[in-house]
Amino acid sequence: MTGQCLCGQVTYTISGDLIRTAVCHCDHCQRQSGGAFSVNLVTAAENFAVEGTMKMYGDPGNDPSGTVHVERHFCGDCGSPIISIATGRREVVIVKSGTLNDKSIISPDVEVWCEKKQPWVIMPEMAVSKERE
Ligand SMILES: [Zn+2]
Ligand SMILES: [Zn+2]
């Protein structure tokens, strides 16, 4: 699988099978994407290769101490979100599926952060997880 940001400065390749494909309704995914949810591809870190220069926002989530829990990497030129890395789970990379070149291969298999789902969002039947993406 290959993908790129809107301007093309950042490109990436995912090799091997995805661990899962998660629809994330969390407030931070809504803000970062400017949409109602993110569709996140979870892949082993060793299967992800990126070219180009990304900027990073250290996201503390709702932690009042300000400790960074999610690194949100994006293209500094066009602003496209590319990947997130949970600081406590660096063995996986979470790729924003809207940046894929061929999006027809994507099939979400789990929803997370459903308590933040916008009320008009209707999804096909899939598993629900309390894990956080
Ligand atoms: Zn770009
Ligand atoms: Zn999220």
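The text that follows walks through the structure, step by step, so that each part is easy to find.

1. A closer look at the coordination of the zinc ion (ligand 1)
At step 1: Taken together, the protein donors to the zinc ion (ligand 1) comprise Cys5 (SG), Cys7 (SG), Cys75 (SG) and Cys78 (SG), at separations of 2.3 to 2.4 Å.
At step 2: Angles of 105 to 114° at the metal separate the four donor atoms of the zinc ion (ligand 1), which places the site in the tetrahedral class.
At step 3: Mapped onto the polypeptide sequence, the residues donating to the zinc ion (ligand 1) form the spacing pattern C-x1-C-x67-C-x2-C.
At step 4: The class for Cys5 is buried, based on a relative accessible area of 2%.
At step 5: What makes Cys7 partly exposed here is its relative accessible area of 44%.

2. Quick look at the coordination of the zinc ion (ligand 2)
At step 1: For the zinc ion (ligand 2), the full set of protein donor atoms is Cys24 (SG), Cys26 (SG) and Cys29 (SG), at a range of 2.2 to 2.3 Å.
At step 2: Read in sequence order, the donor residues coordinating the zinc ion (ligand 2) give the pattern C-x1-C-x2-C.

3. With respect to the sheet that holds strand β1 (residues 2-4)
At step 1: Spatially, β1-β2-β5 is the arrangement adopted by the three strands of the open sheet, whose pairing is antiparallel. The sheet is open, and its two edges are formed by β1 and β5 (48-51), each paired on a single side. The mean inter-strand angle of the sheet, taken between neighbouring strand axes irrespective of direction, is 20°.
At step 2: One ladder, built from four bridges, connects strand β2 (residues 11-14) with β5; its direction is antiparallel.

4. What about the nonpolar core?
At step 1: Judged by nonpolar contacts, the single largest core of 17 residues is most densely connected at Tyr12, Phe48, Ile83 and Val95.
At step 2: Mapped by element, the contributors of at least two residues to this core are β2, β4 (38-44), β8 (81-86) and β9 (92-96).
At step 3: When residues in this core are grouped by element, the largest group, three residues, is from β8.
At step 4: Beyond its immediate sequence surroundings of up to four residues, Val95 is in contact with Tyr12, Ile14, Val39, Asn40, Leu41, Thr43, Phe48, Ile82 and Ile83.
At step 5: Grouped together as the second largest cluster of nonpolar side chains are five residues, Cys26, Cys29, Val112 and Trp113 included.

5. Some remarks on the pattern of salt bridges
When the charged atoms of two side chains with opposite charge come close together, those side chains can pair.
At step 1: What the rule picks out here adds up to four salt bridges.
At step 2: Of the charged contacts, one joins Arg31 and Asp27 as a salt bridge, the two residues approaching to 2.9 Å between their closest N and O atoms. Remark: Asp27 and Arg31 occur in helix α1 (residues 27-33); sequence separation between them is four residues, near one turn of the helix.
At step 3: Residue Arg31 is classed as exposed on the basis of its relative accessible area, which comes to 65%.
At step 4: Looking at Asp27, the relative accessible area reads 29%, which means it is partly exposed.
At step 5: Two residues, Glu71 and Arg90, come together in a salt bridge whose shortest N-O distance is 2.8 Å. In this pair, Glu71 is assigned in strand β7 (residues 70-75) and Arg90 in the loop between β8 and β9, connecting sequence segments 19 residues apart.
At step 6: The partly exposed category is assigned to Arg90, whose relative accessible area is 45%.

6. Brief notes about the pairing of strand β3 (residues 20-24)
Both faces of the sheet carry side chains from a regular strand, because those side chains alternate between them.
At step 1: Buried residues dominate β3, accounting for five of its five residues.
At step 2: Taking every second residue as pointing to the same face, both faces of β3 are buried, with Arg20, Ala22 and Cys24 on one and Thr21 and Val23 on the other.
At step 3: Sheet topology note: the β3/strand β10 (residues 110-112) ladder contains three bridges and is parallel. By the bridge assignment, Ala22 is partnered in β10 with Val110.

Here is what the cut-offs are and how they apply
Residues numbered from 1 in each chain as written. Chains lettered and ligands numbered in written order. Predicted model: local features only at pLDDT ≥ 70, side-chain atom pairs only at ≥ 80, totals over all residues. Heavy atoms only, no water. Donors = N, O, S within 2.8 Å, 3.2 Å for Na, K, Ca; no water. Tetrahedral: all angles 85-135°; square planar, octahedral: opposite > 155°, others 65-115°. Buried < 20%, exposed > 50% of the residue type's maximum accessible area, 1.4 Å probe, protein only. Pairing = 2+ DSSP bridges. Helix = DSSP H or I, 4+ residues; strand = E, 2+ residues; numbered from the N terminus. Axes fitted to C-alpha atoms, helices over the stretch in contact; angles between N-to-C directions. Core = buried A, V, L, I, M, F, W, Y, C linked by side-chain atoms within 4.5 Å. Contact = heavy atoms within 4.5 Å. Salt bridge = Lys/Arg side-chain N within 4 Å of Asp/Glu carboxyl O.

So, to be careful, I would describe these as geometric facts and stop short of saying anything about function.
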